[in-house]
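Spelled out from the first residue to the last, the chains are:
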Amino acid sequence: DVDVLPVIDNFGAYRGVLYRRDVVGYLTGNLRPPTPAGMATPLGVYLTTGSVTGGAGDLGLFLTGVSLSLMTMFAGAIVFGLEGLFARLTGIPLMAYLQSPPISTPNLLDVPFMVSTALTIAIFGVLMRLSPLSGYHAAEHMTVHAIEAGEVLTPDAVRRMPRVHPRCGTNLLAAVGIFTIITERLGTGFGTLMALLVVVLGWRTVGGWMQYFITTKNPSEKQLAAGVAAGNQLIERYQDRPNFHLTGFDRIWKMGFVQTMSGMAAISGLMWLLRGYIRIPG
């Protein structure tokens, strides 16, 4: 008739506490990882606790890096083509403006670079929104919300969850982007202070906006089912090994960033090799 009990090891040392909900969760097969994370892949949803995983495997994570790199390159190629067309039609030496080194003070000559950068980001956002990754990304968020809410993972339950999550890496990307833009434009101690203030006050808002309008979209039934399957697999594996904790590189590997970065590096390396045989701009 108690809600919590201390846990003591064989030497009498205090190791932690055991809550009633932990016992109930174990007996009912419904133990939930406290802060699951995940990633969208072309092969489905990947979920992890840092020690236990579910859903798409290493190949899917690798292909995520490949997909992101290809979309970035494609966006850059489109903008490069538009820049060349604009320069030919107007006679303005646009490439010279774009390739000139920046100076510390803002000036009109920076406008082409700023427009080019904004256009590249916008086209990448459109490609991301149109790609299957955005649907799987939404399914991942919705599944994580359902796990954290203690819901039974079914398509109907997961479908009710929001597709914006406060712990998404998009929020961090928004924070870095805001800070970089403000500090590069102002470049002073006041600018850095303003950048920090804006990031602290608005990074989650901007990140949530980016999630809703760019990096996620309503998932298809197939994408939703992939999220549900990944979530149930994660819970099943976590139920079997709730106290299993990896450290060091093994934990980093389980988070999936190494595989994703490897996919991006593979495309970069391939393009570097191709430049030796084909004249590729950039």
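What counts, and where the lines are drawn
Residues numbered from 1 in each chain as written. Predicted model: local features only at pLDDT ≥ 70, side-chain atom pairs only at ≥ 80, totals over all residues. Heavy atoms only, no water. Salt bridge = Lys/Arg side-chain N within 4 Å of Asp/Glu carboxyl O. Helix = DSSP H or I, 4+ residues; strand = E, 2+ residues; numbered from the N terminus. Buried < 20%, exposed > 50% of the residue type's maximum accessible area, 1.4 Å probe, protein only. Phe/Tyr/Trp six-rings, centres within 6.5 Å; stacked < 30°, edge-to-face > 60°. Patch = residues over 30% accessible without salt bridge, like charges linked within 9 Å, V, L, I, M, F, W, Y side chains within 5 Å. Areas by Shrake-Rupley, 256 points an atom, 1.4 Å probe, with all protein chains shown as cover. Core = buried A, V, L, I, M, F, W, Y, C linked by side-chain atoms within 4.5 Å. Pairing = 2+ DSSP bridges. Axes fitted to C-alpha atoms, helices over the stretch in contact; angles between N-to-C directions. Contact = heavy atoms within 4.5 Å.

Following the criterion strictly, the structure yields five salt bridges and no others. Two residues, Arg167 and Glu148, come together in a salt bridge whose shortest N-O distance is 2.2 Å. Taken as a pair, Arg167 in the loop between α6 (155-159) and α7 (169-186) and Glu148 in helix α5 (residues 132-148) lie far apart in primary sequence, 19 residues in all. Overall, Arg167 belongs to the partly exposed group, its relative accessible area being 40%. We note a salt bridge from Glu151 to Arg160, for which the minimum N-O separation is 3.6 Å. Residue classification places Glu151 among the partly exposed positions, given a relative accessible area of 27%. Here the salt bridges share partners, and the residues they tie into one network are Asp156, Arg159 and Glu221.

This paragraph deals with the packing of aromatic side chains. Where two aromatic rings form a pair, the distance of their centres and the angle of their planes describe that pair. According to the stated counting rule, one finds three aromatic pairs in the structure shown. Between Trp209 and Phe213, the aromatic rings sit 5.4 Å apart at their centres with planes inclined by 45 degrees, giving tilted as the arrangement. With Trp209 and Phe213 both in helix α8 (residues 189-215) and four residues apart, this pair spans about one turn of that helix. Between Tyr212 and Phe213, the aromatic rings sit 5.0 Å apart at their centres with planes inclined by 75 degrees, giving edge-to-face as the arrangement. The class for Phe213 is partly exposed, based on a relative accessible area of 46%.

Turning our eyes to something else, we now look at a nonpolar patch on the surface. A grouping of Val2, Leu5, Val7, Leu18, Val23, Tyr26 and Leu27 is seen on the molecular surface, where their side chains present a nonpolar patch of about 640 Å² in accessible area. Mapped onto the nonpolar patch, the elements with two or more residues apiece are β1 (4-8) and α1 (20-27). When residues of the nonpolar patch are assigned to their parent elements, the largest contribution, three residues, is made by α1. With respect to the helices and strands, the residue Leu27 is situated in helix α1.

Attention shifts here to the nonpolar core. Core analysis: the largest hydrophobic core is formed by 26 residues, its most contacted members being Val45, Leu47, Met142, Ile147, Leu153 and Val158. Of all the secondary structure elements, the ones that give two or more residues to this core are β4 (44-48), α2 (58-90), α4 (111-130), α5 and α9 (221-240). Here this core takes eight residues from α5, the largest share from any one element.

Within a sheet, adjacent strands bond to each other through the backbone by hydrogen bonds, running parallel or antiparallel. Spatially, the three strands line up as an open sheet ordered β3-β4-β5, and their pairing is antiparallel. Unpaired on one side and paired on the other, β3 (37-41) and β5 (53-55) mark the two borders of the sheet. In this sheet, neighbouring strand axes are inclined to one another by 15 degrees on average, regardless of whether the strands run parallel or antiparallel. Pairing between β3 and β4: five bridges, direction antiparallel. Each residue of the ladder has a partner; that of Met39, found in β4, is Tyr46. Across the face of the sheet, α5 comes into contact with β3 and β4 while running at roughly 40 degrees to β4. α9 rests against β4 and β5 of the sheet, and its axis sits at about 25 degrees to β4.

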